[in-house]
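Letter by letter, the chains look like this.
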Amino acid sequence: MNLFSQRARAVLVISFLALLVAALPLSAQQTGRLSGEVSQAGSGLPGVRVTIASPSLQGTRNAETDVNGNYQFGALPPGQYTVSFEMEGMQTVTRSVNVTLAGTARADAEMKLSAVAEAITVTASSPAVAETQEMQANYSSELINQLPIGRTLIATVNLAPGVTQNGPSGATVISGAQSFDNVFYVDGAVVNEVLRGQPLDLFIEDALQETTVLTGAISAEYGRFTGGVVTAITKAGGNTFSGSLRDSLTNAAWTTTTPLNEPKADSKIDETYEATLGGRIIRDRLWFFVAGRDFSRDTPHFFANSTIPFTSGREQRRLEGKLTGQITPKHSVIGSYLDLKDKQTDNCSFTCFERSTLDASRQTPEKKRAFTYNGILTQNLLVEGAYSDSSLTFVDSGSSDPSVVTGTAVIEQVTGSFLGAPVFGSALGDKTRSSKDWTVKGTYYLSTAALGSHNIVAGYDDFTNSLKEDNSQSGSDFILYTYTLPGRAADGSALTSFSPGSDLIIYWPILQAAKKNDFNTKSFFVNDKWDLNNHLSFNLGARYDNNVGKDEAGNKVADDQTVSPRVGITYDVSGNGRLQLRGTYGQYVSKIANGNVGDAASPAGSPSLLYWVYYGPEIGPLPTTQAVAKVFDWFNSVGGINNKDFLLGGSTGGVGTQIQNKLTSPSVDEYTFGASTVLGQKGFLRADYQHRNWHDFYANIQDLNSPIVFDPLRGRNIQVTLTQNSDEFTRNYEAVLVQGGYRLFSRLNLGGNYTWSKLKGNIVGETSGSGPIPSTGLTSYQPELLAYAQRAPIGYLPQDQTHKVRLFGSYDIPSPVGNFNVSVLERFDSGSPYSVVGTIRVLRSASQCTTCRANPGYVSPTTTSTYYFGDRGGLRWDDVTATDLALNYQLPLWKVNLFVEGELINAFNQKAQVNGDTTVLTSVNSSCIQTQGPNAGKRCAGFDPFTETPVEGINYVKGSNFGHAVNPTSSLTAGDYQLPRTYRVSVGIRF
């Protein structure tokens, strides 16, 4: 009997601990929190009954204040709440408070004795942004619908301080991190695309209820990032039926042309249809919400370095369903599903120079599922669990043409444009990318008279991302590199050239079929929000992450364990929340990057590589297929893929590149200091300083001591390149973020934010095409040839943006003929940096560089590399200023509101240049001609980058368009100018 009792007690203790350790804010948080203090005559008042109610909440919830007069509610659906405070012999106090997504709202009350029944109603409370330790911004769908911005998730995120859109191809950057290293949630599901990390389109705009952007001082409940966390939630229905029908109208002809005077687009209205419907199946027990989105449109674009238009077609349909159910008053579940079908014609995956590069037809379907459980076990113990998954599939993506003439893609290295055939190959089947996440957490509320109150969360999170794709680079498995900028014939078609001694023939065979890889992160986390007294509170947290990865060949390439602390202190100067000072330290640990990092050494699915220097006759300029045919005529005449005389390098997958030391997880250290104040009952102001320093970058390592192995594809020995982590690089970020809001009176809402930031270092570590990639440092890769200072100098990185301003105002105007809302958004973005940088020859060549270094003994020495002719990021594009206006009109008709929303973007048609040509020609380029010195008119001279300082006009020349815009910008296509004046209109009904 005694043994049974011991076992029973052990089971109970273990079960309780499991619930606690299952308790940290879910990495997929869909809720908010509410807390506060009830006092009388300045002292905490225990035993007060607190009742909360909201249209977002099924039923009501109750609690009693503890020994210190504090209370708390967790796992609350975001929305407007009424909080009632009741105690016998006291006046009843009612507060109105807005609980935000992933935020902690606060509602305090001062109780007074009352001899008669009397109630006090207070209608305002401090904004959660001013109360929370985390640096965050929160945006409701109501505000987004009023403002003149896109209603997409990314457009909303870009409204927040600390966020820029200057990653590769305009990708989202948060707090200076690489653009792939943020986490995006929709309804608790991770919606990051596996390779590049940007969010998939797994939402319907009119279904989004609220979005929260976390940019710093982030709790231990969140992980797998070194940037920021974005979490959005969709609507859930309710006890009353509501819905909407919307038709969003765009027209390429409604966008003004840029200073390049490109042809005006034909007038054609494109429509996007959206519908939502939500309501009850059983009042306060079971709610439903459904939504749909559909469009079919032709989108105008321009070929690279031209104003020649082409049109891409797209048909897309999204369907979403969501159920919110209450099993009992203390147990609830939520389930949601979204299916997206997407068909594309004449798609340009990257930068296309001519029509033959367009992918004629492909499909990219996406899916998302999410399930959440919330249970209130006692007044002080709450448990939550969640499961989610999402996926993206590429169907018929890329060329299926095996011909070396018409199925080979060409990359011109001057601007990075593609010619010839579509990039990638589709003959080996569909490509799939997916992720899944399940989490369990618990929240325990503990109050003591001596040590204040503790809100303890702890939990376990299990996240996996995978891909399965035979990554064919082209239909023929060949890609040609040319270092000569193509010309154009009179009809606009491309004229391509190939030069002996510089251009390359690259063969990318896939020797082993891919299996699904698996990169998994298992995490335990604990976080204590400790309120010691009215003045001091602490955040004490830590997160344990175990990152394990297997590549597409099934090889284990990562097994890393890290504990990252998250600590902070808040001092409330007056003890009433009016002025708070904060300081935090945190370490954020990323997951292992998939694709070109985690799969770098895999022979499965990844192409092997052989590359030859082209040494045939000068070709072109000719139409691309004719030029390609002549290259292969020469190549086949010297033995084709069996040629050894002109073979420069290559490797068999899993042989030439190896991961011998298991990859570790990149991380960043962060310090923040901040203050916030509440401006009466109408506004708030918050300022934060943030400093970040990154570690453990992905790198390629090779020196004279690197192993030499036999490569069966090349038929001879090669030197191994090791992919591993390195701290040889530098990436530092510091910022000052200021945000505020003020409701001057009931109809006028003002808000905005300002960010000053600086991002410096010598590593980008990602591309638009490949996402994260390993970099080569100064001293870790063939240093005898590459360790010159101007190959990787420290300076401003391309993602640096010194100033960002977002100011907005919204004004409601009721009238007898309907309700109007006028809103304005003022934007300022300082110019991003660019460099004078080119590709130079680093290996001695009798014809092009007699002063360069001789091969010190590498089996495959590097022949060319990067050289910065001046400071990294020493030049800047224009600052961008724009004023956007919106006029919204609603006409109530019985139980339906007819609405019209009109937007005028860049109302004053500002014309800042935001990008442009950065071509720098060197001796690598046959078109580089010296413009000064005794050899003027001859090909540019090589130089030794270790000992010589290059001279412009002798060793390098800037391209004829250097610094100038060459690509137009439209409402749907990014280019070299800011978006010109553009009109958008939406019409529909809400009920």
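Preceding block: the structure.
Just so we're clear, the structure is a prediction, and the values are computed from it rather than from any experiment. (Residues numbered from 1 in each chain as written. Predicted model: local features only at pLDDT ≥ 70, side-chain atom pairs only at ≥ 80, totals over all residues. Heavy atoms only, no water.)

K.L.:
So what about the overall build of the protein? Which residues, and what values?
P.N.:
Across its full length, the protein holds 6 helices and 63 strands. By its C-alpha atoms, the protein is 105 × 80 × 50 Å across when sized along the principal axes. Per-residue burial for the protein yields a buried fraction of 57% across its 991 residues. Long-range contacts, defined here as pairs at least 24 residues apart, represent 73% of the contacts in the protein between residues at least 6 apart. (Helix = DSSP H or I, 4+ residues; strand = E, 2+ residues; numbered from the N terminus. Buried < 20%, exposed > 50% of the residue type's maximum accessible area, 1.4 Å probe, protein only. Contact = heavy atoms within 4.5 Å.)

K.L.:
Please set out the state of the cysteines residue by residue, giving values where relevant.
P.N.:
In total, this model carries 3 disulfides according to the counting rule given. Covalent S-S linkage joins C348 and C352, the inter-sulfur distance amounting to 2.1 Å. Disulfide C348-C352: the torsion about the S-S bond is 110°, which places it as right-handed. On the basis of relative accessibility, which here comes to 5%, the residue C352 falls in the buried class. Between the sulfur of C849 and that of C852 lies a disulfide, 1.9 Å long from S to S. Disulfide C849-C852: the torsion about the S-S bond is 85°, which places it as right-handed. For C849, a relative accessible area of 1% corresponds to the buried category. Sequential numbering of the bridged cysteines in the protein gives the disulfide pattern 1-2, 3-4, 5-6. (Disulfide = S-S within 2.5 Å.)

K.L.:
Please give an account of the side chain of Q978 that cites residues and values.
P.N.:
By secondary structure assignment, the location of Q978 is in the loop between strand 62 (957-958) and strand 63 (982-990). A polar atom in the side chain of Q978 sits 3.4 Å from the backbone oxygen of T881. Once residues within four sequence positions are removed from consideration, Q978 is found in contact with V880, T881, A882, N906, Q910, K911, A912, V914 and T969. (Polar contact = N/O pair within 3.5 Å; in protein donor to acceptor, adjacent residues only side chain to side chain.)

K.L.:
Give me the lowdown on the pattern of salt bridges, citing residues and values where you can.
P.N.:
According to the stated counting rule, one finds 32 salt bridges in the structure shown. Across the pair R33 and E221 runs a salt bridge whose closest N-O atoms are separated by 3.7 Å. Of the two residues, R33 is situated in strand 1 (residues 32-40) and E221 in the loop between strand 16 (208-216) and strand 17 (229-234); the sequence distance between them amounts to 188 residues. There is no split in this pair, since R33 and E221 are both buried. The closest approach of N and O atoms between R827 and D884, which form a salt bridge, is 2.6 Å. With R827 in strand 54 (residues 818-829) and D884 in strand 59 (residues 880-893), the pair connects residues that are 57 residues apart, well separated along the chain. Under the relative-accessibility criterion, D884 is labelled buried at 2%. Salt bridges here are not isolated pairs; linked through shared partners, they connect R151, D206, R246, E274, E901 and R990. (Salt bridge = Lys/Arg side-chain N within 4 Å of Asp/Glu carboxyl O.)

K.L.:
Residue-level account of the sheet that holds strand 30 (residues 478-482), with values.
P.N.:
Within the open sheet, the 6 strands sit side by side as 27-26-30-33-38-40. Their pairing is mixed. Only two strands of the sheet have a single partner each, and these edge strands are strand 27 (417-420) and strand 40 (647-651). The sheet shows a mean angle of 20° between the axes of neighbouring strands, direction not considered. Taken together, the 4 bridges between strand 30 and strand 33 (residues 504-507) define a ladder with antiparallel strand orientation. Across the sheet, the residue bridging to I479 is I506, located in strand 33. Packing of helix 5 (residues 624-637) onto the sheet brings it into contact with strand 26 (409-412), strand 27, strand 30, strand 33 and strand 38 (609-613), and relative to strand 30 it is tilted by some 105°. (Pairing = 2+ DSSP bridges. Axes fitted to C-alpha atoms, helices over the stretch in contact; angles between N-to-C directions.)

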